[in-house]
Amino acid sequence: MARNTLTPDQIVRAAIELLDDEGLDGLNMRSLGARLGTAATAVYWHIKTKDELVRLAGDAVWSEVELPDLDAMGWRAAATAMAGSMHAMLTRHPWLGQAFGSHLLYGPGKSRHDDHSLALYEKAGFSPADADRAAATVFVHVLGSALGGAAQVSLTRRLGRSGDPEKELAAAVAAATEVAMAFPRLRERLDDDAATGYGAAPDRTFEFGLDAILDGFGAQLARTL
């Protein structure tokens, strides 16, 4: 692909695919150029640094979050749909959760999401200041819920570079189980065969937490009526 036919959008889309496949550590201009069928210098012509590329890729994936029609549904249904769509996006792109801790991320994609989230909670009846707090609370819950999966993907990749990831994870789970058996509540869950995988949360933890948060919002709104 010649330099003059390469576009920033093509570069960003290829970067997202590479990040999905290889994670943050696997992103470099040489690998990206190979994926695009061009030299790394052609990528630099359009995007100067890896940090800028991560920022652009990180902003682009926010367009995948579906924004509910606030005139067509109640605030709680809209909040549930929007949080679920964000959670699904973060699950598809586990590198994004990691990038929050290592890169400066901003752009129109995320701003579009944030503005709609604020509109949602203002329409629910929160003051602008409390709408900010409500939106931030849900955002942190969704991000935190998705980080477990992101960490699992990153860990498996890292272990795979140096050995057998399944064998190392199995050994870690066995060691963690041995430690946990000394604690009664953990032992009971292990005895009941209800333990989750390494670093994983119990089933429906995200939904349970979101329902609890939205219940709290509803109670707070009811007190102001």
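About the criteria used
Residues numbered from 1 in each chain as written. Predicted model: local features only at pLDDT ≥ 70, side-chain atom pairs only at ≥ 80, totals over all residues. Heavy atoms only, no water. Phe/Tyr/Trp six-rings, centres within 6.5 Å; stacked < 30°, edge-to-face > 60°. Helix = DSSP H or I, 4+ residues; strand = E, 2+ residues; numbered from the N terminus. Buried < 20%, exposed > 50% of the residue type's maximum accessible area, 1.4 Å probe, protein only. Lys NZ or Arg CZ within 6 Å of the ring centre and 35° of its normal.

Engineer: If you had to explain the packing of aromatic side chains to someone new, which residues and values would you point to?
Structural biologist: Per the counting criterion, the structure on display carries five aromatic pairs. Taken together, a centroid distance of 6.0 Å and an interplanar angle of 85 degrees make the contact between F100 and F139 edge-to-face. Here F100 is found in the loop between α6 (94-99) and α7 (108-124), whereas its partner F139 is found in helix α8 (residues 128-162), with 39 residues between them in sequence. For F100, a relative accessible area of 26% puts it in the partly exposed group. Pairing Y121 with F217 gives two aromatic rings, centres 5.7 Å apart and planes at 80 degrees, and the pair type is edge-to-face. Of this pair, Y121 sits in helix α7 while F217 sits in helix α11 (residues 205-224), and the two are 96 residues apart along the sequence. Exposure class is identical for Y121 and F217. Each is buried. In this structure an aromatic cluster arises from ring pairing among W62, F100 and F139. In this arrangement the basic side chain of R55 is found over the ring face of Y106, its NZ or CZ atom lying 4.3 Å from the centre. In this arrangement the basic side chain of K110 is found over the ring face of W62, its NZ or CZ atom lying 5.7 Å from the centre.

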